[in-house]
Amino acid sequence: MEIMQVIGRLVCTQRVPGINHMHLRIIRNNKGKLLVAVDPVGAREGNWVFTATGTAARFACPDSSTQTDLTIEGIIDHWSPDG
Amino acid sequence: MEIMQVIGRLVCTQRVPGINHMHLRIIRNNKGKLLVAVDPVGAREGNWVFTATGTAARFACPDSSTQTDLTIEGIIDHWSPDG
Amino acid sequence: MEIMQVIGRLVCTQRVPGINHMHLRIIRNNKGKLLVAVDPVGAREGNWVFTATGTAARFACPDSSTQTDLTIEGIIDHWSPDG
Amino acid sequence: MEIMQVIGRLVCTQRVPGINHMHLRIIRNNKGKLLVAVDPVGAREGNWVFTATGTAARFACPDSSTQTDLTIEGIIDHWSPDG
Amino acid sequence: MEIMQVIGRLVCTQRVPGINHMHLRIIRNNKGKLLVAVDPVGAREGNWVFTATGTAARFACPDSSTQTDLTIEGIIDHWSPDG
C-alpha cells in the first residue's frame, strides 16, 4: 500500500456503471502526481491515507463489484511526509 | 485510477478475438506517454477522462471478456492539468 | 495497452510447461527497453503492435492457461512514434 | 518479490474492514520510498525482508480475505544493500 | 515478460508458508535493481532468463499455490545485454 494525501473531490457525471455510486477523491502520491481513488472510509481534504491497488482495491469496497484499481483503505493518525 | 486526455482513435485491423469489437482510443498520461484504452463511455478527442487498469479494466466493459488492461471509466466535467 | 515495436524472436529452449508452445517475440517499448511477449497475431519484425498485461494477457491467448504477463493483441495499421 | 527494510509501525485507527486486524509496517524500498505492508512473519524494525505484490500478497496472509497489495513474505538472514 | 540475469541465491530461513519450499534467486533487471524470483527451471548464476509477474508467476510454478509475484519462466539460449 502507498501513503498519499487527499486533495479534493472529482466531479464526473458520465461514468461506467461499475463505478457509478462511489465517492471519487483526487489524491496526490509522493511524487506529486494526482490520482483518482474510491473512498469507503470518508477521508477529508488534507488527510493522509494509505491506498491499495489491484484486486485488493475492489474487495476493500463494501460492494466488491466496484470497478476500481485504487481504494483508500485507512486514514493515518499522524503523518509527516518528511518522516 | 489515472487522469488522462483523449488524443484520437487507433486503427488496428488485425486483432485477437478478445478485443475485436471495442473502440480503441489513444490517450496521453501525465508524462506525455501515449497509451491505448478501451472506451465504453464514448469519450471524444480532447476530453479529460479517468482510467482503470487490471481486472477492473475488464469488468468495467459491458462484456467482461474484453481482454483490456486499460479502460476509460468516466469523462471528467472540468479539469485543468495544472490544477 | 501500450504501443511497442517488434524487434525479433527469442530463442529459449528450456522453459516452464505453461509457456512451452508459444512464439516469443522481443519487443521494444517507448523508452527503448526490450521485453518478451507472447504473439497470437503473427506480428513480424518492424511491426508496431499494441500489447496487454496482467490477466488480459493470458485470456487473449487461444489457450488461456498460457502463463504470460505480456501479449501482443493487435498490429497497428499505421504508426509513427513521433505522432 | 522486492527487497525492502522495515522502518516502523503505521498507526491507523480508521480502516476498511478488509485490513482491520493486521499489523501494518512502514517499509522502505531501494529508492528510499516509504510503503505500507501487511506483516504475517513478525518482522522487526531494521530487518531486511522480501515482499510480494498483487494476489500473492493476499494469499500469503493467514486469512486470504486480507485486502492488501503488499505483504512481507520472509525475513532475509543476511543482507547488505550494497551487495 | 522481462529479461534479467541471475545473480545468486537468497538465504531466508523465516518465511510465510506459501513460499516455503521454493528456491529463491536474486536476479538483476535492466536497470541494475536486485529482485527476488521463484525458480522452477533450475537457472544458474550468470544465466540470462525471462520472468513473469502477476498471476502468471503463480501459475507457472508446479504448485500454483506458491505465493510469488515473480517467476523465472525460461533460460535464454544466447543473450547480450547490448543487443
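This write-up is about the structure you can find in this document. (Residues numbered from 1 in each chain as written. Chains lettered and ligands numbered in written order. Predicted model: local features only at pLDDT ≥ 70, side-chain atom pairs only at ≥ 80, totals over all residues. Heavy atoms only, no water.)

As for the overall build of chain A
- Of regular secondary structure, chain A possesses one helix and six strands.
- For chain A, the sequential pattern of α-helices and β-strands runs β-β-β-β-β-α-β.
- Computed over C-alpha atoms, the radius of gyration of chain A comes to 12 Å, within 12% of the 12 Å expected from 2.2 N^0.38 for 83 residues, which places it in the range of a compact globule.
- Counting only C-alpha atoms, chain A reaches 40 × 25 × 20 Å along its principal axes.
- Per-residue burial over chain A gives 53% buried out of 83 residues.
- The long-range share in chain A, meaning contacts at least 24 apart out of those at least 6 apart in sequence, stands at 50%.
- On chain A, roughly 3,700 Å² of surface is accessible, and the fraction owed to carbon and sulfur atoms is 47%. (Helix = DSSP H or I, 4+ residues; strand = E, 2+ residues; numbered from the N terminus. Rg over C-alpha atoms; globule rule 2.2 N^0.38 Å. Buried < 20%, exposed > 50% of the residue type's maximum accessible area, 1.4 Å probe, protein only. Contact = heavy atoms within 4.5 Å. Areas by Shrake-Rupley, 256 points an atom, 1.4 Å probe, with all protein chains shown as cover.)

Considering the relation of the copies chain D and chain A
- Screw-axis analysis of chain D against chain A gives a translation of 0.0 Å along the axis, an RMSD of 0.0 Å, and a rotation angle of 72 degrees. The superposition of one copy onto the other is thereby described by a five-fold rotation axis. Relative to the rotation axis, the C-alpha of Gly54 of chain D is the closest in chain D, positioned 5.4 Å from it.
- Here only 5% of the contact residues of chain D are again contact residues in chain A; the copies associate through non-equivalent surfaces. (Least-squares fit on C-alpha atoms with pLDDT ≥ 70 in both.)

Structural notes on the nonpolar core
- Ranked by internal contacts, the top residues of the largest apolar core, which has 29 residues, are Leu10 and Leu24 of chain C together with Met1, Ile27, Phe50 and Ile72 of chain E.
- Of all the elements in the fold, those that place two or more residues in this core are β3 (24–28) and β4 (34–38) of chain C together with β1 (2–9), β4 (34–38), β5 (48–53) and β6 (70–75) of chain E. (Core = buried A, V, L, I, M, F, W, Y, C linked by side-chain atoms within 4.5 Å.)

As for the interface of chain D and chain A
- If you look at the interface, chain D gives 22 residues, while chain A gives 21 residues.
- It is Val16, Gln67 and Asp69 of chain D in chain D that bury the most area against chain A; as a group they hold 30% of the surface buried on that side.
- At the junction of chain D with chain A, the criterion picks out one salt bridge.
- Salt-bridge contacts for Glu2 of chain A lead to Lys33 of chain D; the nearest nitrogen and oxygen are separated by 2.8 Å.
- Where chain D meets chain A, there are ten residue pairs in polar contact (both at pLDDT 80 or more). (Buried area = accessible area lost by both parts, 1.4 Å probe. Salt bridge = Lys/Arg side-chain N within 4 Å of Asp/Glu carboxyl O. Polar contact = N/O pair within 3.5 Å; in protein donor to acceptor, adjacent residues only side chain to side chain.)

A look at the packing of aromatic side chains
- By the definition in use, this model includes zero aromatic pairs over all chains.
- Here the guanidinium or amino end of Arg58 of chain B rests over the ring plane of Phe59 of chain B, the centre of that ring lying 5.2 Å away. (Phe/Tyr/Trp six-rings, centres within 6.5 Å; stacked < 30°, edge-to-face > 60°. Lys NZ or Arg CZ within 6 Å of the ring centre and 35° of its normal.)

So, the relation of the copies chain D and chain E
- Overlay of chain D on chain E (RMSD 0.0 Å): rotation 72 degrees, translation along the axis 0.0 Å.
- A different interface surface on each copy is seen, since only 5% of the contact residues of chain D are contact residues in chain E too.

Topic: the arrangement of the chains
- Regarding chain B and chain D, which are not in contact, the minimum distance between any of their C-alpha atoms is 10 Å.
- Spatially, chain C and chain D are disjoint, and the shortest separation between their C-alpha atoms is 10 Å.

A word on the side chain of Asp39 of chain C
- Position of Asp39 of chain C among the secondary structure elements: in the loop between β4 and β5 (48–53).
- Among residues more than four places away in sequence, those in contact with Asp39 of chain C are His23, Arg25 and Ile72 of chain C.

Notes on the pairing of strand β5 (residues 48–53) of chain B
Residues and elements named next belong to chain B.
- Note: strand β1 (residues 2–9) against β5, four bridges, orientation antiparallel. Paired with Gln5 across the two strands is Trp48, which belongs to β5.
- Note: β5 against strand β6 (residues 70–75), five bridges, orientation antiparallel. Its bridge partner lying in β6, Thr53 is registered against Leu70. (Pairing = 2+ DSSP bridges.)

Thoughts on the interface of chain D and chain E
- If you look at the interface, chain D gives 21 residues, while chain E gives 22 residues.
- At the boundary of chain D and chain E, one finds one salt bridge.
- Taken together, chain D and chain E are joined by ten residue pairs in polar contact (both at pLDDT 80 or more).
- Listing elements by their share of the side of chain D that touches chain E, those giving two or more residues are β1 (2–9), β5 (48–53), α1 (54–59) and β6 (70–75) of chain D.
- Split by residue class, the side of chain D that touches chain E holds 13 nonpolar, five polar and three charged.
- Pairing of β6 of chain D with strand β2 (residues 14–15) of chain E, which is carried by two bridges, proceeds in the antiparallel orientation. Paired with Ile75 of chain D across the strands is Gln14 of chain E, a residue of β2 of chain E. (Nonpolar A, V, L, I, M, F, W, Y, C, P; charged D, E, K, R; others polar.)

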